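# Residue-level structure breakdown
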Amino acid sequence: MTRAITVGLDGSPESRAAAEWAAREAVRRELPLRLLHVRRPGPAPEALPADRWVSMPRETAEGLRLRHPGLEVTHEQIDGMPYEVLTRAAEDAELLALGSRGLGALGGFLVGSVGLVVVARAERPVVLVRAGEQAADEHEPDPTGIPSAATRYRPVLLGLDADRPREPVIGFAFEEAQRRDTALRVVHGWALPPYYVYGLAAAPDVYHDIAREQAENLTRVLAPWREKFPGVEVVEESFGGSPSVRLVEASAEASLVVVGRRTRRNPLGAHIGAITHAVMHHGAAPVAVVAHG
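Please read these numbers as outputs of a predicted model, since none were measured by experiment. Note that residues are indexed from 1 along each chain, following the sequence as it is written. Predicted model: local features are reported for residues with pLDDT of at least 70 only, side-chain atom pairs are reported and counted for 80 or more only, and whole-chain, interface and lining totals are derived from all residues. Side-chain calculation: all heavy atoms of the structure are included, whereas hydrogens and water are not.

### Brief notes about unusual backbone geometry
To be explicit about the condition: Here a helix means four or more residues in a row that DSSP labels H or I, a strand means two or more in a row labelled E, and each is numbered from the N terminus.
With a phi angle near 60°, Glu30 is a residue other than glycine that sits in the positive phi range. Position of Glu30 among the secondary structure elements: in the loop between helix H1 (13-29) and strand S2 (33-39). Here the phi dihedral of Asp181 falls at roughly 55°; this positive angle occurs in a residue that is not glycine. Relative to the helices and strands, Asp181 resides in the loop between helix H5 (167-180) and strand S8 (184-190).

What follows is the structure, encoded as structure tokens:
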């Protein structure tokens with residue numbers, strides 16, 4: 001069975017942006033697009049009249065077909081709790097796209113409770129798309145500085161722990177860069193062992209030695225992937241410190257940010273790591289969260 005690109009649709013600006021992004025991704029992958037409208041038990045939200053609540057998925061599908069001729073688009077409505085329905089839907093999807101509200105001047109996401117639960121539970125990639133995201137945002141500006149969807153894609157940005165590399169996450173990032181015919185920027189942040197911290201002032205060469213070792217380790221980790229994807233330009237960035245801030249800053253110049261999430265559960269339930277959590281909330285580009293073991 002062919003997996004579809006699935007998007008959760010509720011009529012909000014952020015879910016419409018997610019639907020548009022998902023349509024473009026479906027075209028890139030030559031896959032069908034599935035619009036999934038989950039109706040929570042109870043009255044329709046005040047934001048939409050009852051008749052629009054029913055017709056919205058069909059009208060959205062018609063608009064996407066017009067803007068993307070040849071794209072196969074289906075839509076359906078399912079009653080239930082959104083996080084439960086969307087998590088189940090992700091199992092059969094190539095990936096699941098969800099909308100996230102922008103934080104205005106802060107330029108980031110506001111990931112709602114449904115999105116957080118789905119990201120924490122889904123074993124397929126979940127992409128969070130901010131309200132207002134447009135096709136031109138994925139591309140470099142034209143020579144005059146005007147946003148354009150006809151120019152080259154911005155790089156794909158990957159947050160990677162080179163000491164614990166995860167193949168599903170790395171592979172997803174390389175594939176997305178290859179589909180977009182763009183570069184892959186890999187950010188690896190590392191921390192000094194505690195017993196080195198207090199001795200750095202007296203032995204600054206220690207820091208440089210560790211920095212060199214970390215950079216070389218990153219190059220070793222990426223070497224087989226460079227061979228597998230020879231057409232993808234790779235830009236490596238290894239530095240001492242947490243990658244959260246660097247990833248959020250770099251996301252403003254990226255077409256897509258890729259981060260990982262462990263599938264292992266703890267007694268309190270599924271867990272989203274601190275770095276992934278920060279990028280989800282504050283990234284300026286769509287954020288793909290890829291589960292790994």
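### Considering the pairing of strand S11 (residues 287-292)
For clarity, the cut-off: For every residue, the accessible area obtained with a 1.4 Å probe (protein chains only) is divided by the maximum for its type, and the residue is called buried under 20%, exposed over 50%, and partly exposed between those limits. Between any two strands, at least two bridges found by DSSP are needed for them to pair.
Burial within S11 is extensive, with six of its six residues counted as buried. Burial along S11 is two-sided: Val287, Val289 and Ala291 and Ala288, Val290 and His292, pointing in opposite directions, are all buried. As judged from the three bridges shared by strand S6 (residues 126-130) and S11, these two strands associate in the antiparallel manner. In the sheet register, Leu128 faces S11, and the bridge partner there is Val287. Bridging between strand S10 (residues 256-262) and S11 involves six bridges; their strand directions are parallel. Bridging across to S11, Val259 finds its partner in Val289.

### Details of the side chain of His292
Its place among the elements puts His292 in strand S11. Given the relative accessible area of 9%, His292 is considered buried.

### Observations concerning the packing of aromatic side chains
Rules: Stacked, tilted and edge-to-face are the three classes applied to pairs of Phe, Tyr and Trp rings, where Trp contributes its six-membered ring and a pair requires centres within 6.5 Å; stacked means planes under 30 degrees apart, edge-to-face means over 60, and tilted covers the rest. Remark: a charge is flagged as sitting over a ring if the NZ atom of Lys or the CZ atom of Arg is within 6 Å of the ring centre and within 35 degrees of the ring normal.
Tallied over the entire structure, the rule returns three aromatic pairs. Ring geometry for Trp225 against Phe229: centres 6.5 Å apart, planes inclined by 15°, an arrangement best described as stacked. Neither residue differs from the other here; Trp225 and Phe229 are each classed as buried. Grouping aromatic residues by their ring pairs yields a cluster made of Phe174, Trp225 and Phe229. The ring of Tyr153 is capped by Arg180, whose NZ or CZ atom sits 5.9 Å from the centre of that ring. Over the ring of Phe239 we find Arg246, and its NZ or CZ is 3.8 Å from the ring centre.

### Details of H1
Basically, it comes down to this: Any helix carries an expected span of 1.5 Å times its number of residues minus one.
Taking 1.5 Å of rise per residue, the 17 residues of H1 would be expected to cover 24 Å, and the 24 Å separating its terminal C-alpha atoms lies within 8% of that figure. Across the 17 residues of H1, 13 count as buried, placing the element largely inside the fold. Just downstream of H1 lies Glu30, where phi reads positive at about 60°.

### What to know about the confidence of the model for the chain
If pLDDT is low for a region, its predicted coordinates should not be looked at in detail. Under the convention used in this document: Think of pLDDT as the predictor's per-residue confidence, scored from 0 to 100. Residues are treated as being in contact if the distance between any of their heavy atoms lies within 4.5 Å.
The pLDDT averaged across the chain works out to 87; a share of 85% of its residues lies at or above 70. Segment residues 103-109 is flagged for pLDDT under 50; beyond a separation of four residues in sequence, or across chains, it makes 26 contacts in the model.

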